[in-house]
Amino acid sequence: MNAPRPPDPGPLETDDAKVILSGIGLWAVALVVLLFAGLDPDQRWWIWTCVAGIGLGIFGYWYVWRRDRHERVPAAGDPTGAPALPDATAGPAQTGAVPREQAVTGDQEDRPVPGRTS
């Protein structure tokens with residue numbers, strides 16, 4: 001009972017886009033089969049289920065594509081694959097940060113911030 005617990009396994013690396021495209025393909029095959037099956041009028045909801053599956057699959061593919069496109073590139077030489085973060089000692093020219101006076105526009109600086117006393 002007091003034996004140490006083994007560590008949890010890490011997350012599996014999968015190609016989400018291939019999985020989603022496979023699902024869309026299966027929904028499309030089901031739709032074609034149902035269109036040629038000659039369903040009764042009270043069973044036509046199955047066709048709309050396939051259409052919804054295809055539509056949600058397309059949305060899921062777009063979402064994964066967008067997520068992967070916005071993923072940060074790991075730092076060079078980092079064996080952990082952690083995302084690259086800007087160096088805290090580097091100035092704005094090295095990090096690409098915009099100085100505060102350029103980033104603030106209009107009356108944003110004059111506006112009070114809730115919970116802030118300074």
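**Here we look at the pattern of salt bridges**
Okay, so step 1: Evaluation of the coordinates by the stated rule reveals four salt bridges.
Okay, so step 2: We note a salt bridge from Asp-8 to Arg-5, for which the minimum N-O separation is 2.6 Å.
Okay, so step 3: A residue is classified by how much of its surface remains accessible, and Asp-8, at 55% relative accessible area, is exposed.
Okay, so step 4: With a closest N to O distance of 3.2 Å, Arg-67 and Asp-68 form a salt bridge.
Okay, so step 5: Taking relative accessible area as the criterion, Arg-67 reaches 38% and is therefore assigned partly exposed.
Okay, so step 6: Of the residues examined, Asp-68 reaches a relative accessible area of 39% and is grouped as partly exposed.
Okay, so step 7: If you follow the salt bridges from partner to partner, you end up with Asp-16, Arg-67 and Asp-68 in one network.

**Examining the packing of helix α1 (residues 16-37) against helix α2 (residues 45-70)**
Okay, so step 1: Their axes nearest at 9 Å, the elements α1 and α2 cross at an angle of 165 degrees. One way to sum up the angle between α1 and α2 is to call them roughly antiparallel. For the pair α1 and α2, the crossing hand works out as left-handed.
Okay, so step 2: In terms of residue class, the contact of α1 with α2 is made up of 18 nonpolar, four polar and two charged.

**Concerning the nonpolar core**
Okay, so step 1: Residues Ile-20, Ile-24, Leu-31, Leu-34, Ile-47, Cys-50, Ile-54 and Val-64 constitute the largest nonpolar core, which totals eight residues.
Okay, so step 2: Looking at this core, the elements that each hand over two or more residues are α1 and α2.
Okay, so step 3: Leaving out residues up to four positions away in the same chain, Leu-34 has contacts with Leu-39, Trp-46, Ile-47 and Cys-50.

**Concerning α2**
Okay, so step 1: Relative to the 38 Å expected for 26 residues at 1.5 Å per residue, α2 spans 37 Å between its end C-alpha atoms, a close match to the ideal helical length.
Okay, so step 2: Turning to α2, its buried residues number three or more, namely Ile-47, Cys-50, Gly-53, Ile-54, Gly-57, Gly-60 and Val-64.
Okay, so step 3: Here the buried face of α2 lies against α1.

**Section: the packing of aromatic side chains**
Okay, so step 1: Under the definition given, this model contains three aromatic pairs.
Okay, so step 2: Relative to Trp-62, the ring of Phe-59 has its centre 5.7 Å away and its plane inclined at 35 degrees; by these criteria the two rings are tilted. Note that Phe-59 and Trp-62 are positioned in helix α2 at a spacing of three residues, about one turn of the helix.

Calculation notes
- Counting of residues starts from 1 at the beginning of each chain's written sequence and follows it residue by residue.
- Selection of residues for local features in this predicted model requires a pLDDT of at least 70, selection of side-chain atom pairs for listing and counting requires 80 or more, and totals for whole chains, interfaces and linings are taken over all residues.
- Computation of side-chain values covers all heavy atoms of the structure but excludes hydrogens and water.
- Between Lys or Arg on one side and Asp or Glu on the other, a salt bridge is scored when a side-chain nitrogen of the former is within 4 Å of a carboxyl oxygen of the latter.
- Remark: exposure states derive from per-residue accessible area (1.4 Å probe, protein chains only) relative to the maximum for the residue type, with buried under 20%, exposed over 50%, and partly exposed in between.
- Structural elements are reduced to axes, namely lines fitted to C-alpha atoms, with helices fitted over the stretch in contact, and the angle between N-to-C directions of any two is expressed from 0 to 180 degrees.
- Here a helix means four or more residues in a row that DSSP labels H or I, a strand means two or more in a row labelled E, and each is numbered from the N terminus.
- Any angle between 65 and 115 degrees counts as roughly perpendicular, while under 35 counts as roughly parallel, over 145 as roughly antiparallel, and the rest as oblique.
- In a left-handed crossing the near helix is turned counterclockwise from the far helix by less than a right angle, and in a right-handed crossing that turn is clockwise.
- In this count, Pro and Cys sit with the nonpolar residues alongside Ala, Val, Leu, Ile, Met, Phe, Trp and Tyr, while Asp, Glu, Lys and Arg are called charged and the others, Gly among them, polar.
- Joining through side-chain atoms within 4.5 Å is the link that ties buried Ala, Val, Leu, Ile, Met, Phe, Trp, Tyr and Cys residues into a set, and such a set is a nonpolar core.
- Contacts are residue-level and defined by heavy atoms, with any inter-residue pair within 4.5 Å sufficient.
- Under the convention used throughout, the expected extent of a helix is 1.5 Å for every residue step, that is, one less than its residue count.
- Aromatic pairing here means that ring centres of Phe, Tyr or Trp (its six-membered ring) are within 6.5 Å. Orientation follows from the plane angle: under 30 degrees is stacked, over 60 is edge-to-face, and everything else is tilted.

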